[in-house]
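Per-entry structural report
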Amino acid sequence: GPKVLQIPSHQIIDMGQMVTLNCDPVSNHLYFYWYKQILGQQMEFLVNFYNGKVMEKSKLFKDQFSVERPDGSYFTLKIQPTALEDSAVYFCASSLDYEQYFGPGTRLTVL
Amino acid sequence: GDSVTQTEGPVTLSEGTSLTVNCSYETKQYPTLFWYVQYPGEGPQLLFKVPKANEKGSNRGFEATYNKEATSFHLQKASVQESDSAVYYCALSDSNAGAKLTFGGGTRLTVRP
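The following refers to the structure shown. (Residues numbered from 1 in each chain as written. Chains lettered and ligands numbered in written order. Predicted model: local features only at pLDDT ≥ 70, side-chain atom pairs only at ≥ 80, totals over all residues. Heavy atoms only, no water.)

Looking at the side chain of A:K36
All names here are of chain A. Structurally, K36 is set in strand β4 (residues 31-37). Here K36 is buried and forms no salt bridge, its nearest opposite-charge partner D86 lying at an N-O distance of 4.5 Å. Sequence-distant contacts of K36, defined by excluding residues within four places in its chain, comprise Q42, M43, E44, L46, E85, D86, A88, V89 and Y90. (Helix = DSSP H or I, 4+ residues; strand = E, 2+ residues; numbered from the N terminus. Buried < 20%, exposed > 50% of the residue type's maximum accessible area, 1.4 Å probe, protein only. Lys, Arg positive; Asp, Glu negative; His and termini not counted. Salt bridge = Lys/Arg side-chain N within 4 Å of Asp/Glu carboxyl O. Contact = heavy atoms within 4.5 Å.)

Structure representation (structure tokens):
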């Protein structure tokens, strides 16, 4: 089936530094999403994105977070600066309508 | 806001036995309901969806009926296999393209041979 790729699979970073998580969505998809899952907890929605704009963001999508998809390439989540509570697995998803396809996740560890 | 509550795990079963994972939800909208399955090292993948009340979804022997009156969407399988070992998530969204998913907490299923 359609594949969503995420790069890197693991990232370890010092608190206060910037990190960019990359997502390669399914090629003809129109909608893009980021979700956050802290170990042992629920998968939670962060943000969705369509036609170059954020559609909706949750309370978890702090001011330090931003998303973009420059020139139809990777869909990125940038966190600047990072905080300890940002440690989690971040899942990217994409969809043509409402059936979302997920990547394998990026495990982010903030020290 | 929306919420989804499902059977807390972990659940351990022997091959050939039946599975029920309870899912209930709260929402003010008319949702589409989903079951997702997640294997180790992968993201969630769609098992099936049901957009309409009182209809049933099914895939690979799993099924669930969208019960609007009871606001429930329980996952069932008559006879589980070892390969069904995974984490199962109930989720909902509104019925618009690009809408976010609200997930339940997930239920880890282990099937012993």
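There is more to say, and it comes next.
Some points on the nonpolar core
Ranked by internal contacts, the top residues of the largest apolar core, which has 26 residues, are B:W35, B:L47, B:F48, B:F73, B:L75 and B:Y88. Among the secondary structure elements, those contributing two or more residues to this core are β2 (11-14), β3 (19-21), β4 (23-26), β5 (32-38), β6 (45-50), β8 (62-65), β10 (86-93) and β12 (107-112) of chain B. No other element matches β10(B), which puts four residues into this core. For B:L47, the residues in contact, after removing those within four places along its chain, are B:W35, B:Y36, B:V37, B:N59, B:R60, B:F62, B:L75 and B:Y88. With 22 residues, the next largest nonpolar core counts A:F49, A:F61, A:F75 and A:I79 among its residues. (Core = buried A, V, L, I, M, F, W, Y, C linked by side-chain atoms within 4.5 Å.)

Here we look at the interface of chain B and chain A
Taken together, the 23 residues of chain B in the interface contact 18 residues of chain A. In total, chain B and chain A occlude about 1,600 Å² of area from one another, counting both sides; carbon and sulfur atoms represent 56% of this. Taken as a group, B:G98, B:K100 and B:F103 account for 31% of the area that chain B buries against chain A, more than any other trio of residues on that side. Viewed at the interface, chain A and chain B are joined by two salt bridges. Put simply, B:K100 and A:E56 hold a salt bridge, and the shortest N to O gap is 3.0 Å. At the boundary of chain B and chain A, one finds ten residue pairs in polar contact (both at pLDDT 80 or more). Residue assignment for the side of chain B that touches chain A shows that the elements contributing at least two residues are β5 and β6 of chain B. A total of four residues in the side of chain B that touches chain A trace back to one element, the largest contributor, which is β5(B). Residue composition of the side of chain B that touches chain A, grouped by class: eleven nonpolar, nine polar and three charged. (Buried area = accessible area lost by both parts, 1.4 Å probe. Polar contact = N/O pair within 3.5 Å; in protein donor to acceptor, adjacent residues only side chain to side chain. Nonpolar A, V, L, I, M, F, W, Y, C, P; charged D, E, K, R; others polar.)

Looking at the environment of A:I79
Residue and element names in this part refer to chain A. With respect to the helices and strands, I79 occurs in strand β8 (residues 75-79). In this structure the C-alpha to C-alpha distance between I79 and V110, which are 31 residues apart in sequence, comes to 11 Å. I79 has contacts with Q17, M18, V19, Q64, F65, D86, Y90 and L108, leaving out every residue within four places of it along the chain.

Thoughts on the sheet that holds β8(A)
Residues and elements named next belong to chain A. Taken in spatial order, the four strands make up an open sheet running β1-β3-β8-β7, and their pairing is antiparallel. Both edges of this open sheet fall to β1 (5-7) and β7 (65-68), since each of them pairs with a single strand only. Sheet twist, expressed as the average angle between the axes of neighbouring strands with direction ignored, equals 20°. Examined bridge by bridge, β7 and β8 share four bridges and lie antiparallel to one another. Paired with F65 across the bridge in β8 is I79. (Pairing = 2+ DSSP bridges. Axes fitted to C-alpha atoms, helices over the stretch in contact; angles between N-to-C directions.)

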